[in-house]
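What follows is the residue order along each chain.
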Amino acid sequence: MALSADQLGEIARIALAAPTLGEAIAGVRQALPGVRASAVDAFDMRGETPALRIGDRDLFLMHSDGHCWSVTPDPLAAHGIVLTQHT
């Protein structure tokens with residue numbers, strides 16, 4: 001799966017508008033049902049570089065080999081996203 005510029009724009013719009021991180025994830029899942037979306041604590045992503053900073057949230061593009069997940073900078077290799085919230 002690949003994420004298009006339009007999909008990334010929609011994810012960013014949803015993440016910026018949602019009052020909570022949980023609502024942002026739910027909104028992404030509803031708007032883009034084929035995109036895997038999860039939220040984790042920002043501490044869990046320490047040392048990783050976000051693909052986008054959206055207000056006080058970071059968006060990480062995730063790649064999967066079918067077993068393990070890893071952060072990727074390449075939207076064409078992304079199978080999903082992870083959002084974090086800065087406190």
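Residues numbered from 1 in each chain as written. Predicted model: local features only at pLDDT ≥ 70, side-chain atom pairs only at ≥ 80, totals over all residues. Heavy atoms only, no water.

Undergrad: Go over the overall build of the chain with me, naming the residues and quoting the values.
TA: For the chain, the helix and strand inventory stands at 2 helices and 5 strands. The order of helices and strands in the chain, counted from the N terminus, is α-α-β-β-β-β-β. At 12 Å, the chain has a C-alpha radius of gyration in line with the 12 Å of a compact globule built from 87 residues. Within the chain, the fraction of its 87 residues that count as buried is 37%. Across the chain, every contact between residues at least 6 apart in sequence was considered, and the portion connecting residues at least 24 apart equals 52%. (Helix = DSSP H or I, 4+ residues; strand = E, 2+ residues; numbered from the N terminus. Rg over C-alpha atoms; globule rule 2.2 N^0.38 Å. Buried < 20%, exposed > 50% of the residue type's maximum accessible area, 1.4 Å probe, protein only. Contact = heavy atoms within 4.5 Å.)

Undergrad: Could you give an account of the nonpolar core, with specific residues and numbers?
TA: Core analysis: the biggest nonpolar cluster contains 20 residues, and Leu3, Ile11, Leu59, Ile81 and Leu83 have the highest contact counts within it. Taken together, the elements giving at least two residues each to this core come down to helix H1 (5-17), helix H2 (21-31), strand E3 (57-64) and strand E5 (80-85). With 5 residues, the single largest contributor to this core is H1. Beyond its immediate chain neighbours, meaning those up to four positions away, Ile81 contacts Leu3, Ile11, Val28, Val35, Arg36, Ala37, Ser38, Leu59, Phe60, Leu61 and Met62. (Core = buried A, V, L, I, M, F, W, Y, C linked by side-chain atoms within 4.5 Å.)

Undergrad: So what's going on with H2? Which residues, and what values?
TA: Along H2, the residues that are buried comprise Leu21, Ala24, Ile25, Gly27 and Val28. All buried residues of H2 project into a common sector of 160° when viewed along the axis, lining one side. For H2, the exposed residues set more than 90 degrees away from the buried face come down to Gly22 and Gln30. Contacts from the buried residues of H2 go to H1, strand E1 (36-39), E3 and E5. (Arc of directions from axis to C-beta.)

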